[in-house]
Amino acid sequence: MGKEFRGTVVDHPDFDAGSDAEALYNAMKGFGSDKEAILDLITSRSSAQRQEIRTAYKSQYGKDLIDDLKYELTGKFERLIVGLMRPPAYHDAKEIKDAIKGVGTDEKCLIEILASRTNEQIHALVAAYSDAYGRDLEADVIGDTSGHFKKMLVVLLQGTREEDDVVSEDLVEEDAQELYEAGEAQWGTDEAKFIMLLGNRSVTHLQLVFDEYQKIAEKSIEDSIKSELSGDFERLMLAVVQCIRSRPMFFAKRLYKSMKGLGTADNTLIRIMVSRSEIDMLDIRECFRLRYEKSLYNMIQDDTSGDYKRTLLKLCGGDDDIAGEFFPEAAQIAYKMWEISAMTKVQLRGTVRPYSDFDPASDAQALRKAMKGFGTDEDTIIEIVARRSNEQRQEIRQAFKSLLGRDLMADLKSELSKNLQRLILGLMMTPADFDAKMMKKAMEGAGTDEHALIEILVTRSNQEIQEMCSAYQNAFKKSLEDAIASDTSGTFKRILISLAQGAREEGPADLDRASEDAQALADACNADSDDLEDKFMSILCTRSFPHLRRVFQEFVRCSNKDIEQIIKKEMSGDVKNAMFAIVRSVKNQPSYFADRLYKAMKGLGTDDRALIRIMVSRCEIDLFNIRKEFKETHDASLHDFIQGDTSGDYRKTLLILCGGED
């Protein structure tokens, strides 16, 4: 964690406060204002220089510069320029004042500021708040918050965290054990222990504690917080942990969430761009690129407009070469991300479990009654099918045929229609039959759904792939390999056929071999594109996922580059998408599915085939984890997305499978 300057805004070399004050006065004089001149000048001066300009302006013209800027400018552009003109501590004070005034509290703003500021910044903030508003910040926070959330905010407001050079080596293991015993190891949670340790120990010390915790709990401290805490307190503690690990990555995530989806959280965007432009904006840019596969500059460009956009882009300071080498901060983060991924043992949880009072004969009779006569009782069909495990559904199919001499699948097909029919029939198939059907659908007719082929073959286990191949042969009298070979071509075809063998190695990482594989991938990056793709395929399609996590970690060490960015820059089309999907699944498979679900529902229209495929195939495996990743990445619940994007009985069934709101 480097201490050197990593901002994008620096002192202007030929600074003259009086001359700048005059230029700003002239830019606002007369009818209209020269916004370009204002933004060019203010974004090319440091905060300290802006304060000198403000003083000179008052001396020369007897007016307050901020008041004049407020009068001349409007909207988001005005908020951004005025934010830049305030000293950093006073800008933070204003943000917190706005967060707690009036009805309701902006808890996210409180969390962002108080979790991320240094002791010195906290002390300056408290003093600025008192000076600007004549009030005690701690008293106002206490009056506006409650419970453990309030207690942790008060601890952070003291600004008494041990300095970064304070590491009590003899306490690292003890603190990790205490955190484990305060949460994972007992019924209920000792929140006071979390508050005391996370609110007071130094950043460096806590980084070591988190590593030790991972060894003890076999899960990250973040995962424990998510399972043990809730609400604003959970969000605050996660923010503290993220800032301990990497402030730039914390802010990169906040910036991404402020701009993705419909609408922009401009207050968050302005606050971060103003407050970090002279501290660590270069590292934030690099972390943004590392995590989201696009530059911060490009996202601002796509999401904002006018003078507001031009000002933000100047603060951003430049567009990043998509596969440039890492800055030291980002290289450490990338290496650490893969290390955490390699060490974490994720407990996968589905949302559909076996029904406790299960009676296949009774369910079969109820389904027949729901489909007999005039009209169909969709509610009964949904309640039975969506709330039984797949194994139980197969028993119902058998009972339906034994008792009634009828084919349940044929009856459902004739009684239901459209997306509800496809969803219910998908649930009634065995997983292997369903995957085989999805593969067939992806390849039939005009055009091929390459994303579906990639998703299924990348994410299934060897056994699941082998069972799917058998099911495909039985259903369609043709091998899946032959179908892939006739419907795809080139390197992409070879990748899919390799994956369709269901012969990926299994077991833990071989550390020596992982280093060799990483070096082979790094060497291939300097070869021509065919050699590059062949080498990546030979390793990414055959090695076990635990082994690949170590390979990708070592790849950062030996190339100083990120495997995802290399794939994005050096490959194209379906080959790039397949390799990218493997890396994403190796890193965090529930996150990969969360992203696929988000893409299926965002924007105009819904990719119902993808939505049905994922909800059906993951509901008994890891849909609970997918839900959590969806909420974490997209700041909205999967439940709410489904609710807003679908309708009727189709929506009702999907929401049962989803299993709840987050």
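Residues numbered from 1 in each chain as written. Predicted model: local features only at pLDDT ≥ 70, side-chain atom pairs only at ≥ 80, totals over all residues. Heavy atoms only, no water.

The name given to the protein chain in an unreviewed UniProt entry is Annexin A6 isoform X1, and the organism recorded there is Danio rerio.

## With respect to the overall build of the protein chain
Looking only at helices and strands, the protein chain features 40 helices and zero strands. Relative to the globule expectation of 26 Å for 662 residues, the C-alpha radius of gyration of the protein chain, 28 Å, shows essentially globular dimensions. With 662 residues in all, the protein chain has 52% of them scored as buried. Carbon and sulfur atoms form 46% of the exposed surface of the protein chain, whose accessible area is close to 28,600 Å². The average position of the 91 basic charges and that of the 117 acidic charges among the side chains of the protein chain differ by 5 Å. (Helix = DSSP H or I, 4+ residues; strand = E, 2+ residues; numbered from the N terminus. Rg over C-alpha atoms; globule rule 2.2 N^0.38 Å. Buried < 20%, exposed > 50% of the residue type's maximum accessible area, 1.4 Å probe, protein only. Areas by Shrake-Rupley, 256 points an atom, 1.4 Å probe, with all protein chains shown as cover. Lys, Arg positive; Asp, Glu negative; His and termini not counted. Charge placed at Lys NZ, Arg CZ, Asp CG, Glu CD.)

## Regarding the packing of helix H32 (residues 511-524) against helix H34 (residues 545-559)
At a minimum axis distance of 8 Å, the contact between H32 and H34 shows a crossing angle of 55°. With respect to H34, the axis of H32 lies oblique. Pair H32 / H34 crosses with right-handed handedness. In this structure, H32 uses Leu511, Arg513, Ala514, Ser515, Asp517, Ala518, Gln519, Leu521 and Ala522 to contact H34, whose residues at the interface are His547, Arg550, Val551, Phe552, Glu554, Phe555, Cys558 and Ser559. (Axes fitted to C-alpha atoms, helices over the stretch in contact; angles between N-to-C directions. Parallel < 35°, antiparallel > 145°, perpendicular 65-115°, else oblique. Left-handed = near helix turned anticlockwise from the far one by under 90°. Contact = heavy atoms within 4.5 Å.)

## Some words on a positive patch on the surface
A grouping of Lys413, Arg422, Lys437 and Arg609 is seen on the molecular surface, where their side chains present a positively charged patch. Within the element layout of this structure, arginine 422 appears in helix H26 (residues 418-428). (Patch = residues over 30% accessible without salt bridge, like charges linked within 9 Å, V, L, I, M, F, W, Y side chains within 5 Å. Salt bridge = Lys/Arg side-chain N within 4 Å of Asp/Glu carboxyl O.)

## Digging into H32
Relative to the 20 Å expected for 14 residues at 1.5 Å per residue, H32 spans 20 Å between its end C-alpha atoms, a close match to the ideal helical length. Three or more residues of H32 are buried, namely Ala514, Asp517, Ala518, Leu521, Ala522 and Ala524. The buried residues of H32 occupy an angular sector of 160° when the element is viewed end-on, so they sit on one face. For H32, the exposed residues set more than 90 degrees away from the buried face come down to Asp512 and Glu516. One side-chain oxygen at the N-terminal end of H32 lies 3.3 Å from the backbone nitrogen of aspartate 512; it belongs to aspartate 510. (Expected span 1.5 Å × (residues − 1). Arc of directions from axis to C-beta. Polar contact = N/O pair within 3.5 Å; in protein donor to acceptor, adjacent residues only side chain to side chain.)

## Structural notes on helix H10 (residues 147-157)
Within H10 the residues assigned to the buried category are Phe149, Met152, Leu153, Val154, Leu156 and Leu157. Here the buried face of H10 lies against helix H7 (107-116), helix H8 (119-133), helix H9 (137-144), helix H12 (191-200) and helix H15 (231-245). Note on H10: the residue one or two positions beyond its end, glycine 159, has a positive phi of about 60°.

## Quick look at the pattern of salt bridges
A full pass over the atoms with the stated rule returns 44 salt bridges. A salt bridge links aspartate 40 to lysine 314; the nearest nitrogen and oxygen atoms lie 3.2 Å apart. In this pair, aspartate 40 is assigned in helix H2 (residues 35-43) and lysine 314 in helix H20 (residues 306-316), connecting sequence segments 274 residues apart. When its relative accessible area of 31% is taken as the criterion, aspartate 40 is described as partly exposed. For the salt bridge of arginine 513 with glutamate 505, the shortest nitrogen-to-oxygen distance reads 3.0 Å. You can call arginine 513 partly exposed: its relative accessible area is 27%. One network of salt bridges, in which partners are shared, links Glu95, Glu112, Arg254 and Arg271.

## Section: the packing of aromatic side chains
A full pass over the atoms with the stated rule returns 15 aromatic pairs. Sitting above the plane of the phenylalanine 624 ring, arginine 349 keeps its charged end 3.7 Å from the centroid. When the ring centre of phenylalanine 476 is taken as origin, the NZ or CZ atom of lysine 440, which lies over that ring, is 5.3 Å away. (Phe/Tyr/Trp six-rings, centres within 6.5 Å; stacked < 30°, edge-to-face > 60°. Lys NZ or Arg CZ within 6 Å of the ring centre and 35° of its normal.)

## Some thoughts on the environment of methionine 428
Inspection of the secondary structure assignment puts methionine 428 in helix H26. A relative accessible area of 1% means that methionine 428 is categorised as buried. Spatially, the C-alpha atom of methionine 428 lies 7.0 Å from that of asparagine 390, the residues being 38 residues apart in sequence. Discounting residues that sit within four places of it in the chain, methionine 428 has contacts with Val385, Arg393, Gln394, Arg397, Leu408, Met409 and Leu412.

## Section: the state of the cysteines
Scanning the entire structure with this criterion turns up zero disulfides. Of all cysteine sulfurs in the structure, the one in cysteine 287 sits closest to cysteine 243, which takes part in no disulfide; the separation is 12 Å. Owing to a relative accessible area of 3%, cysteine 243 belongs among the buried residues under this scheme. Unpaired in terms of disulfides, cysteine 525 finds its nearest cysteine sulfur in cysteine 558, a separation of 8.9 Å. Residue cysteine 525 is classed as buried on the basis of its relative accessible area, which comes to 19%. (Disulfide = S-S within 2.5 Å.)

## Brief notes about the environment of lysine 561
Mapped onto the elements, lysine 561 comes out in the loop between H34 and helix H35 (563-570). Classification of lysine 561 by relative accessible area gives partly exposed; the value is 26%.

## Observations concerning unusual backbone geometry
In this structure, lysine 418 takes a positive phi of about 55° despite not being glycine. A positive phi angle, close to 60°, is found at asparagine 560, a residue other than glycine. Of the residues examined, asparagine 560 reaches a relative accessible area of 22% and is grouped as partly exposed.

## Some thoughts on the packing of H7 against H15
Orientation of H7 relative to H15, taken along the N-to-C sense of each, is 30°, at an axis distance of 9 Å. Overall, the two elements H7 and H15 adopt an arrangement that is roughly parallel. Considering only the axes of H7 and H15, their crossing is right-handed. Of the residues in H15, those in contact with Glu107, Ile111, Ala115 and Ser116 of H7 are Asp232, Arg235, Leu236, Ala239, Val240 and Cys243.

## Some details on the side chain of threonine 268
Position of threonine 268 relative to the elements: it lies in helix H17 (residues 266-276). Not counting chain neighbours up to four residues away, the residues in contact with threonine 268 comprise Glu112, Arg254 and Ser258.

## Description of the environment of threonine 344
Assignment of secondary structure puts threonine 344 in the loop between helix H21 (328-343) and helix H22 (360-371). Spatially, the C-alpha atom of threonine 344 lies 4.7 Å from that of lysine 219, the residues being 125 residues apart in sequence. Among residues more than four places away in sequence, those in contact with threonine 344 are Gln214, Glu218, Lys219, Ser220 and Asp223.

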